[in-house]
Amino acid sequence: MTYTVAVRTLCEFTAKLGDLDLRFTPSATALEGMAGHAMVASRRGEDYESEVWLQGGHRDLVVRGRADGFDPAAGRLEEVKTYRGDLQAMPQNRRSLHWAQAKCYGALLCAERGLDKLDVALVYYDVASQDETLLVEACTADALRAFFELQCERFLAWSAQETAHRVARDAALTALPFPYAQFRTGQRELAENVYKAAILGRTLLAQAPTGIGKTVGTLFPQLKAMPRQKLDKLYFLAAKTPGRALALEALRAITAPHRARPATAGVLDDGDAVLEQAPRRAPLRVIELVAREKACEHPAKACHGESCPLAKGFYDRLPAARQAAVGAAPESAPRLDRAGLRAIALEHEVCPYYLAQEMVRWADVVVGDYNYYFDLGGMLHGLAHAEEWRVGVLVDEAHNLVPRAREMYSATLSRAALDGVRPRAPAAVSQALKRLARTWNEIVGRQLEPYAVHEELPQGLLTALQNVNSAIADHSAAHPEDVPPELLQFWFDTLHFTRLAESFGTHSLFDVTIADDAQRDVTLCLRNLVPASFLKPRFLAARTTTLFSATLTPMHFHADLLGLPPDTAWVDVASPFDAAQLRVQVAPLSTRFAHRPASLAPIVGLMARQFAEAPGNYLAFFSSFDYLDQVAELFQALHAEVPVWTQARQMTEGARADFLARFQAGSRGIGFAVLGGAFAEAVDLPGERLIGAFIATLGLPQVNPVNEQMKARLEALFGAGHDYTYLFPGLQKVVQAAGRVIRTTTDAGVVYLIDDRFRRADVRRLLPSWWHVETA
Ligand code: SF4
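Not measured: the values here are computed from a predicted model.

Calculation criteria
- Residues numbered from 1 in each chain as written.
- Predicted model: local features only at pLDDT ≥ 70, side-chain atom pairs only at ≥ 80, totals over all residues.
- Heavy atoms only, no water.
- Helix = DSSP H or I, 4+ residues; strand = E, 2+ residues; numbered from the N terminus.
- Rg over C-alpha atoms; globule rule 2.2 N^0.38 Å.
- Buried < 20%, exposed > 50% of the residue type's maximum accessible area, 1.4 Å probe, protein only.
- Pairing = 2+ DSSP bridges.
- Contact = heavy atoms within 4.5 Å.
- Axes fitted to C-alpha atoms, helices over the stretch in contact; angles between N-to-C directions.
- Core = buried A, V, L, I, M, F, W, Y, C linked by side-chain atoms within 4.5 Å.
- 1 Å grid on protein atoms, 1.4 Å probe; cavity = no way out; pocket = protein on both sides within 12 Å on 5 of 7 lines; lining within 4 Å.
- Points joined across faces, edges and corners; volume = space filled by probe spheres on them.
- Nonpolar A, V, L, I, M, F, W, Y, C, P; charged D, E, K, R; others polar.
- Near = heavy atom within 4 Å.
- Salt bridge = Lys/Arg side-chain N within 4 Å of Asp/Glu carboxyl O.
- Phe/Tyr/Trp six-rings, centres within 6.5 Å; stacked < 30°, edge-to-face > 60°.
- Lys NZ or Arg CZ within 6 Å of the ring centre and 35° of its normal.
- Parallel < 35°, antiparallel > 145°, perpendicular 65-115°, else oblique.
- Left-handed = near helix turned anticlockwise from the far one by under 90°.
- Expected span 1.5 Å × (residues − 1).
- Patch = residues over 30% accessible without salt bridge, like charges linked within 9 Å, V, L, I, M, F, W, Y side chains within 5 Å.
- Areas by Shrake-Rupley, 256 points an atom, 1.4 Å probe, with all protein chains shown as cover.
- Lys, Arg positive; Asp, Glu negative; His and termini not counted.
- Charge placed at Lys NZ, Arg CZ, Asp CG, Glu CD.
- Polar contact = N/O pair within 3.5 Å; in protein donor to acceptor, adjacent residues only side chain to side chain.
- Arc of directions from axis to C-beta.

Comments concerning the overall build of the protein
Stage number 1. Helices and strands together make up the secondary structure of the protein, namely 26 helices and 24 strands.
Stage number 2. The globule rule puts the C-alpha radius of gyration for 776 residues at 28 Å, and the 29 Å found for the protein is close to it.
Stage number 3. For the protein, the C-alpha atoms occupy an extent of roughly 90 × 80 × 45 Å along the three principal directions.
Stage number 4. Within the span of the protein, comprising 776 residues, buried residues form 54% of the whole.

The following block contains the structure:
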């Protein structure tokens with residue numbers, strides 16, 4: 001059985017030695033890199049071949065990739081690298097890696113074209129001066145072949161192990177039984193739809209109620225589909241930490257040692273008879289990705305060998321750490337969650353964060369935040385593209401993807417940051433910053449209102465930003481140790497801004513906010529409203545994607561804003577709960593902003609009556625902390641006998657746990673929280689731990705200049721400005737919050753929807769269909 005590997009991966013595996021060195025080396029931007037490659041090619045002769053696709057092999061290994069260029073007239077294969085700054089400062093291990101890649105391509109080219117000798121060249125192109133430095137080595141085909149085979153030999157033991165793992169993994173997944181005695185109500189329907197979408201290579205939007213086991217109900221069928229779809233990886237992407245924890249727990253249950261049984265009759269059953277066999281764990285490598293600041297062992301140090309002991313000799317110790325992380329045999333792989341990876345990393349004295357990045361290449365399931373795949377430079381998407389992986393994607397709590405993606409594709413520059421970096425800026429950068437400040441003043445000086453949207457991005461601003469980027473890049477190249485942290489952060493911000501500016505369009509606004517009369521507190525913002533054009537390629541790159549949540553109504557809202565493929569399937573799984581379990585009562589008060597003072601007493605009265613009638617644990621949700629505080633204050637003044645606890649504006653993880661710990665079977669009281677906040681979703685309080693919720697307002701986002709601009713733009717694009725800006729996001733929050741009450745088929749409770757607009761038909765149709773809403 002053959003194993004296919006990219007030239008780049010092969011060389012990184014075999015030829016990378018020494019320290020991890022992530023000092024912000026002056027690399028060219030992606031655009032500069034592309035322009036540099038094009039410039040080098042344009043300087044060559046007519047016969048010059050760019051992007052030469054090559055493939056060859058050695059024993060069971062197939063090696064492939066694209067060489068940057070071949071000049072037949074000169075008999076020279078070229079590997080082009082763009083850079084900034086001092087070429088001599090490039091670490092030796094990076095230079096060795098470049099040579100290894102060039103020589104492997106050289107060997108493949110000689111074999112494919114029957115050449116007996118070849119000049120192999122590294123072309124270093126300076127994006128600032130546009131000069132080339134050419135390093136050439138005359139090689140015989142035999143020498144290149146020997147070099148190539150040596151790299152392959154170093155990789156073969158690993159690739160044989162990987163092949164064995166893949167065979168064992170796919171066999172285990174094919175035979176994988178459902179981890180529990182039976183599916184929960186609705187769970188099978190969800191699982192069948194996920195499986196069908198995976199087999200057909202489609203995107204699925206799955207709305208499924210809380211309490212049916214969505215995490216297992218999506219992971220299990222995706223895993224079952226992996227062998228048949230020849231998927232290399234499954235990405236489980238979560239919006240928040242609890243989602244990751246639930247996924248890891250579900251994966252533990254699914255892969256736990258079991259006595260295999262043909263328990264999955266129906267569409268999930270491939271029809272293969274599964275014989276009784278000794279219990280053993282499914283050989284699935286699951287890795288959890290966590291943010292650098294959470295994984296770092298030396299937060300005060302920098303990521304290079306002279307500063308951090310876990311970066312020193314990182315690549316020398318990596319092979320042993322990598323082997324330990326995959327285990328000696330397929331079913332003995334250790335758990336690669338945060339704690340497991342940390343233990344291995346520390347045992348082998350390598351950085352846990354960068355060990356995790358390496359292990360993504362060799363994992364089957366990657367559990368991480370949305371941004372690893374959907375962000376502009378999302379690592380999981382980049383790797384899948386570069387390595388040509390076939391990936392399946394699961395998006396947990398997918399109603400969060402629209403707001404999260406808007407954040408990913410927005411950029412902000414603040415005047416305070418610009419003014420903050422200027423005094424300490426090196427002389428070489430200072431002029432560029434001064435010009436940026438002047439351009440900034442011109443833009444702001446013409447603006448009379450505190451907030452304004454500009455139809456076009458001012459060209460002068462873009463030029464000034466590009467000059468700042470180049471000046472900092474050049475300075476950083478020449479003096480890497482002399483870049484103050486605040487300047488580095490400002491540089492990242494300006495790079496992000498200019499990168500997004502390249503694709504500025506109707507999906508975004510360019511707006512300027514002036515928060516003070518002196519025009520010192522000013523922000524320039526590229527504000528994404530419709531992330532569809534950025535996300536669409538991500539969905540197309542995945543073999544299959546399932547986005548799931550309890551609140552995805554209406555489908556067209558998500559399809560339009562996320563850029564889902566036109567053939568996206570939709571399933572709305574019926575609730576396992578009975579209408580008799582939940583009394584839903586509309587309280588027809590007005591909670592509109594102007595009427596809030598008048599609403600306080602009636603809301604307090606309603607809550608007190610309900611509590612007196614059925615003492616127990618309740619959550620009361622409000623659209624803002626201000627509203628929450630006003631109601632809580634009055635409630636405590638009038639009903640001091642009822643225990644009350646309130647959500648604070650900033651809460652640590654410990655404080656949040658304490659808040660939730662108040663909800664116990666047998667305890668009594670009312671927790672005050674905000675809609676859309678930490679306690680309004682992903683909170684599980686079954687049985688007596690929560691018997692009711694009061695939801696004041698429709699959760700509509702605040703009417704302000706930004707939201708009004710969004711409304712106008714979404715009206716122009718989709719003809720649904722109000723619904724897309726206010727109504728749908730608001731009702732999603734309401735349904736999420738109400739979903740805390742009924743968690744199991746034995747729960748019973750009450751939900752008060754406090755606002756007269758809940759009686760309107762267009763609002764009612766956004767509520768779960770199994771609710772029986774009393775409007776009298
Ligand atoms: S431990 Fe921290 S400082 Fe050291 S290499 Fe890792 S992330 Fe960088």
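Structure's up, so let's keep going.
Observations concerning the sheet that holds strand β20 (residues 644-646)
Stage number 1. Reading across the sheet, the 7 strands line up as β20-β21-β19-β22-β23-β18-β24 and stay open at both edges, with parallel pairing between neighbours. Each having just a single partner strand, β20 and β24 (773-774) make up the two edges of the open sheet.
Stage number 2. In this fold helix α21 (residues 596-613) packs onto β18 (582-587), β19 (617-622), β21 (669-674), β22 (692-696) and β23 (749-754), with an angle of close to 170° to the strand it touches most, β23.
Stage number 3. The strands touched by helix α25 (residues 721-738) within the sheet are β19, β22 and β23, with β22 carrying the most contacts at an inclination of about 165°.

Quick word on the nonpolar core
Stage number 1. Core analysis: the largest hydrophobic core is formed by 185 residues, its most contacted members being Tyr235, Phe374, Leu380 and Leu753.
Stage number 2. The element best represented in this core is helix α3 (residues 92-113), accounting for 10 residues.
Stage number 3. Setting aside anything within four residues of it in sequence, one finds Leu753 in contact with Val584, Gln585, Val586, Ala587, Ile695, Val734, Phe758, Leu767 and Trp771.
Stage number 4. Within the second largest apolar cluster, 36 residues are counted, among which are Leu176, Val286, Val365 and Phe548.

Brief notes about the layout of surface pockets
Stage number 1. When its volume is computed, the second largest pocket comes out at roughly 1400 Å³.
Stage number 2. Listing elements by their share of the lining of the second largest pocket, those giving two or more residues are α6 (214-229), α7 (241-255) and α23 (653-661).
Stage number 3. Residue contributions to the lining of the second largest pocket peak at 7 residues, all from α7.
Stage number 4. Of the residues in the lining of the second largest pocket, the class split is 19 nonpolar, 14 polar and 14 charged.

Describing the site of the ligand
Stage number 1. Surveying the vicinity of the ligand reveals the residues Leu20, Arg292, Cys296, Glu297, His298, Lys301, Cys303, Cys308 and Cys351.
Stage number 2. Of the residues contributing to the shell around the ligand, the split by class is 5 nonpolar, 1 polar and 3 charged.

Quick word on the environment of Phe539
Stage number 1. Its place among the elements puts Phe539 in helix α19 (residues 532-541).
Stage number 2. In this structure Phe539 comes out as buried when scored by relative accessible area, which is 2%.
Stage number 3. A sequence separation of 23 residues divides Phe539 from Leu562, and the C-alpha atoms of the two residues are 9.3 Å apart.
Stage number 4. Not counting residues up to four positions away in its chain, the partners in contact with Phe539 are Phe374, Leu401, Thr545, Leu547, Leu562, Gly563, Leu564 and Pro565.

A short note on the pattern of salt bridges
Any two side chains of opposite charge can pair, on the condition that their charged atoms come close.
Stage number 1. In the structure shown here, the tally under the stated rule is 35 salt bridges.
Stage number 2. Note that Glu132 and Arg44 form a salt bridge whose closest N and O atoms lie 2.9 Å from each other. Here the residue Glu132 occupies a position in strand β6 (residues 132-140), and Arg44 occupies one in the loop between α2 (30-42) and β2 (49-58), the gap between them amounting to 88 residues.
Stage number 3. Taking the relative accessible area as the measure of exposure, Arg44 reaches 15% and is therefore buried.
Stage number 4. As a salt-bridge pair, Arg244 and Glu288 come within 3.2 Å of each other at their nearest N and O atoms. Separated by 44 residues along the polypeptide, Arg244 in helix α7 and Glu288 in strand β9 (residues 286-288) bring together distant segments of the chain.
Stage number 5. What makes Glu288 buried here is its relative accessible area of 10%.
Stage number 6. Linked through salt bridges whose partners overlap, the residues forming this network are Arg43, Arg44, Arg76, Glu78 and Glu132.

Looking at the packing of aromatic side chains
Any two aromatic rings considered together are summarised by their centre-to-centre distance and by the angle between their planes.
Stage number 1. Tallied over the full model, the rule gives 32 aromatic pairs.
Stage number 2. Relative to Phe679, the ring of Phe659 lies with its centre 4.0 Å away and its plane at 15°, an arrangement referred to as stacked. Remark: Phe679 occurs in the loop between β21 and β22 and Phe659 occurs in helix α23; sequence separation between them is 20 residues. The same class applies to Phe659 and to Phe679, which are both buried.
Stage number 3. Each residue in the set Tyr3, Phe13, Phe155, Trp158 and Trp362 is aromatic and connected to the rest through ring pairs, giving one cluster.
Stage number 4. Directly above the aromatic system of Phe147 lies the positively charged group of Lys103, at a separation of 5.5 Å from the ring centroid.
Stage number 5. Lying over the aromatic face of Trp389, Lys233 brings its terminal NZ or CZ to 4.5 Å of the ring centre.

Observations concerning the packing of helix α4 (residues 141-174) against α6
Stage number 1. Put simply, α4 and α6 touch, their axes get as near as 8 Å, and they point 125° apart. Taken together, α4 and α6 sit at an angle that is classed as oblique. In terms of crossing hand, the pair formed by α4 and α6 is left-handed. Each of Arg169, Asp170, Leu173 and Thr174 in α4 lies in contact with α6, whose residues at this interface are Leu223, Lys224, Met226 and Pro227.
Stage number 2. Taken together, the residues of the contact of α4 with α6 break down into 4 nonpolar, 1 polar and 3 charged.

Focus on helix α17 (residues 459-478)
Stage number 1. Here α17 is 20 residues long and its end C-alpha atoms lie 29 Å apart, about the 28 Å a rise of 1.5 Å per residue gives.
Stage number 2. Listed as buried for α17 are Leu461, Leu462, Ala464, Leu465, Val468, Asn469, Ala471, Ile472, Ala473, His475, Ser476 and Ala477.
Stage number 3. In this structure, the buried residues of α17 make contact with β12 (411-414), α16 (427-445), α18 (485-501), β14 (508-514) and β15 (522-528).

Section: the sheet that holds strand β8 (residues 233-238)
Stage number 1. As summarised here, the arrangement of the 7 strands in space is β9-β10-β8-β11-β16-β7-β17, forming an open sheet in which the pairing is parallel. The outermost strands of the open sheet, each flanked by one partner alone, are β9 and β17 (569-572). For this sheet the average axis-to-axis angle between neighbouring strands, irrespective of direction, equals 15°.
Stage number 2. Sheet topology places β8 next to strand β11 (residues 391-395); 5 bridges connect them, and they run parallel. If you follow Phe236 over to β11, its bridge partner there is Leu394.

Focus on a positive patch on the surface
Stage number 1. Residues Arg422, Lys434, Arg435 and Arg438 make up a contiguous surface patch of positive charge.
Stage number 2. Relative to the elements of secondary structure, Arg438 occurs in helix α16.
Stage number 3. On the basis of relative accessibility, which here comes to 45%, the residue Arg438 falls in the partly exposed class.

A look at the side chain of Gln207
Stage number 1. As for its placement among the helices and strands, Gln207 is situated in strand β7 (residues 203-207).
Stage number 2. The exposure class assigned to Gln207 is buried, which follows from its relative accessible area of 9%.
Stage number 3. In terms of polar contacts, Gln207 uses its side chain to reach the side chain of Asp572, at 3.2 Å.

A word on the environment of Asn469
Stage number 1. For Asn469, the location among the structural elements is in helix α17.
Stage number 2. Classification of Asn469 by relative accessible area gives buried; the value is 9%.
Stage number 3. For the pair Asn469 and Thr494, spaced 25 residues apart in sequence, the C-alpha to C-alpha distance is 6.9 Å.
Stage number 4. Every residue in contact with Asn469, bar those within four places of it in the chain, is listed here: Trp491, Thr494, Leu495 and Thr498.
Stage number 5. At 3.2 Å, the side chain of Asn469 forms a polar contact with the side chain of Thr498.

A look at helix α24 (residues 705-718)
Stage number 1. Between its first and last C-alpha atoms α24 spans 20 Å; for 14 residues at 1.5 Å apiece the expected length is 20 Å, and the two agree.
Stage number 2. By the burial criterion, the buried members of α24 are Val706, Asn707, Met710, Arg713 and Leu714. One side of α24 carries all its buried residues, which in axial view fall inside an arc of 125°.
Stage number 3. Where α24 is buried, its residues meet α14 (401-408), β13 (451-454), β14, β15, α20 (555-562) and α25.

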